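The lines below spell out each chain.
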Amino acid sequence: MTDVENVKHMKWWGWGVEGVAFHHDDKPNFAPFVRKAVGLDLSQPAGSPPELSDLKVPRTKALAPIRKALAAVVGEARVVVDDEARVVHTYGKSIRDLMRIRAGVLPRVPDAVVYPADEDEVAAVVALAAKKGWVLIPFGGGSNIAGSLEPQPDEPRVIISLDMGRLRLVVDLDEDSGLARIQAGAQGPDLEAQLNARGWTLGHFPDSFTHSTLGGWVATRSSGMQSDKYGDIADIARGLRMVRPEGVVVLRPLPSTSTGPSVREMIIGSEGRLGVITEVTVQVHRKPAQREVQAYFFPSFSAGLKAMQAINESDAKPSITRVSDARESGFSSQPARPRRASPRSSPRAS
Ligand SMILES: Cc1cc2nc3c(=O)[nH]c(=O)nc-3n(C[C@H](O)[C@H](O)[C@H](O)COP(=O)(O)OP(=O)(O)OC[C@H]3O[C@@H](n4cnc5c(N)ncnc54)[C@H](O)[C@@H]3O)c2cc1C
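Residue numbers restart at each chain and count upward from 1, following the sequence in its written direction. Per-residue local features of the predicted model are confined to residues with pLDDT of at least 70, and side-chain atom pairs are confined, for both listing and counting, to 80 or more; whole-chain, interface and lining totals are unaffected and use all residues. Remark: hydrogens and water are excluded; side-chain values derive from all non-hydrogen atoms of the structure.

S.K.: I'm lost on the pattern of salt bridges in this one. Help?
M.R.: Pairing between side chains becomes possible if they bear opposite charge and their charged atoms approach one another. In the sections that follow, a salt bridge refers to a side-chain nitrogen of Lys or Arg positioned within 4 Å of a carboxyl oxygen of Asp or Glu. Summed over all chains, the structure comprises 16 salt bridges. Between Arg166 and Glu5 there is a salt bridge, with its nearest N and O atoms 3.7 Å apart. With a gap of 161 residues between them, Arg166 in the loop between β4 (159-163) and β5 (170-174) and Glu5 in the segment before α1 (30-38) connect regions that are remote in the sequence. To sort residues, take the accessible area from a 1.4 Å probe on protein chains only and compare it with the maximum for the residue type: under 20% means buried, over 50% means exposed, and anything in between is partly exposed. Given a relative accessible area of 38%, Glu5 falls into the partly exposed group. As a salt-bridge pair, Asp97 and Arg100 come within 2.8 Å of each other at their nearest N and O atoms. Note that Asp97 and Arg100 are positioned in helix α4 (residues 95-102) at a spacing of 3 residues, about one turn of the helix. For Arg100, a relative accessible area of 14% translates into the label buried. The network of salt bridges with common partners includes Glu5, Arg78 and Arg166. A run of H or I in DSSP counts as a helix once it spans at least four residues, and a run of E counts as a strand once it spans at least two, with each numbered from the N terminus.

S.K.: Sorry, what's going on with the nonpolar core here?
M.R.: Soluble globular proteins tend to bury their nonpolar side chains together. The definition of a nonpolar core used throughout is a set of buried Ala, Val, Leu, Ile, Met, Phe, Trp, Tyr and Cys residues joined through side-chain atoms within 4.5 Å. Counting residues in hydrophobic clusters, the biggest one holds 50 residues, and the most contacted among them are Leu70, Ile182, Leu195, Leu214, Val218 and Val282. Looking at which element gives the most residues to this core, the answer is helix α5 (residues 119-132), with 5 residues. By convention here, the domain bounds are inherited from an automatic or database domain assignment. Residues lining this core come from more than one domain, with at least three contributed by each of domain 1 (30-163) and domain 2 (170-286). Any pair of residues with heavy atoms lying within 4.5 Å of one another is described as a contacting pair. Beyond its immediate stretch of four places on either side in the chain, Leu195 contacts Val170, Leu173, Ala180, Ile182, Trp200, Thr201, Leu202 and Val284. Counting 10 residues, the second-largest nonpolar core is a separate cluster that includes Trp13, Val57, Tyr91 and Ile101.

S.K.: Quick question: what am I supposed to make of the site of the ligand here?
M.R.: If you check the shell around the ligand, you find 32 residues, and the closest are Pro138, Ser143, Ser208, Thr213 and Thr220. Polar contact is the term for a pair of N or O atoms within 3.5 Å; when the atoms are in protein, one must be able to donate a hydrogen and the other to accept it, and sequence-neighboring residues count only if both atoms are side-chain atoms. Between the ligand and Pro138, the relevant distance is 2.6 Å, taken from an oxygen atom to a main-chain nitrogen or oxygen of the residue. Take Gly142: an N or O atom from its main chain is 2.8 Å from an oxygen atom of the ligand. Note on areas: Shrake-Rupley, 1.4 Å probe, and residue coverage restricted to the protein chains presented here. Relative to its unbound accessible area of 970 Å², the ligand is 87% covered by the protein chains. When residues of the shell around the ligand are traced back to their parent elements, those giving at least two are β3 (135-139), α7 (214-219) and β10 (276-283). When residues in the shell around the ligand are grouped by element, the largest group, 4 residues, is from α7. The residue inventory of the shell around the ligand, partitioned by class, reads 12 nonpolar, 17 polar and 3 charged. Each of domain 1 (30-163) and domain 2 (170-286) contributes no fewer than three residues to the shell around the ligand. If a single non-hydrogen atom of a residue is within 4 Å of a molecule or strand, that residue counts as near it. When residues are grouped by polarity, Ala, Val, Leu, Ile, Met, Phe, Trp, Tyr, Cys and Pro land in nonpolar, Asp, Glu, Lys and Arg in charged, and all others, Gly among them, in polar.

S.K.: How should the domain arrangement of the chain be read in this particular structure?
M.R.: How large an interface is tends to be reported as the accessible area lost when its parts come together. When its domains are assigned, the chain resolves into domain 1 (30-163), domain 2 (170-286) and domain 3 (301-332). The straight-line distance from the C-alpha centre of domain 2 to that of domain 3 is 28 Å. At the interface, 4 residues of domain 2 touch 4 residues of domain 3. By buried area we mean how much accessible surface two parts lose on assembly, using a 1.4 Å probe and totalling the loss over both. Carbon and sulfur atoms supply 51% of the area that domain 2 and domain 3 bury against each other, a total of about 410 Å² over both sides. Put simply, domain 2 and domain 3 have 0 salt bridges between them. Along the contact surface separating domain 2 from domain 3 lie 0 residue pairs in polar contact (both at pLDDT 80 or more).

Printed below as a string of structure tokens:
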């Protein structure tokens, strides 16, 4: 699949990008652990990934006049109708999604994927879709597990997937209020890198952080690993901009309000049904000078839970506490084989 303006997508058949995989060569106890825990023999070669050419992808309904109209807004190279792009934009990444996609269950896929550059282009695509009666599905990182990207199997209208990947900038950071305006298509590592470079962090780390976007987090009311300290996305998102066919909804980042029902609350978690979020004003925090991780082993799971409760009731304010059962602890604490130091070898991530 062609990368449009360096927008990286996950592979169509699994989690993560093509070419990046988990290896356990440097963890000698890992294979015996997996065999004991779930009876899987990792010494057996894994099956090959499925081939895209084995899929029966329904033909696109976005014929030349439709593509031309979209290209007039975003440019020809940013209207993509190849099978791989359309398949990648069909599902999220739940186990159910991955099983269906690998089994070739594709009753309906988007007819075209469109990559706008900014809010004006988003607005023009939304207006076009509204005028022509097309279905428009905003796409962030494609990591959801709730079926929220999936077209209706019997949808007769043209379906356009609106990929937000080109809107990925931290637009502004006000160091007095700690409010940052960030474009909705920014993925976790990208936006953190931009904030970190200035000494700040958003502090929102869902497990899907690497491949999900700020707009997706707001649209799915996401919660992260460090939400105990920094809050859920519903607390972090102070204001936003959302394109609807009638115009742009602008919610200013008010510190608090005591009037009427909250439109902001209505938009957070709306999964793309109310409009396309183009920008979010978020509360950011100074990056901590130091990070300290402490681990304790308890004789039983319930003893671990009691300790969690005691921490919660104390004045200690860890950014995350997590209790894992014996199996999960065994999985995550597999020792790596010590490496011999060599002036010419560089460390390898595993
Ligand atoms: C391995 C794994 C771990 C996960 N861990 C977590 C976790 O820790 N916490 C958590 O909350 N979730 C988690 N999830 C679920 C998922 O990552 C979240 O729902 C995430 O917020 C989705 O973001 P996304 O950018 O990938 O959105 P997408 O999957 O692309 O889209 C999700 C929905 O939001 C809409 N949408 C996306 N962008 C916009 C936009 N700009 N404007 C309007 N609508 C938009 C889409 O139309 C769709 O309805 C996990 C999923 C996986 C597969």
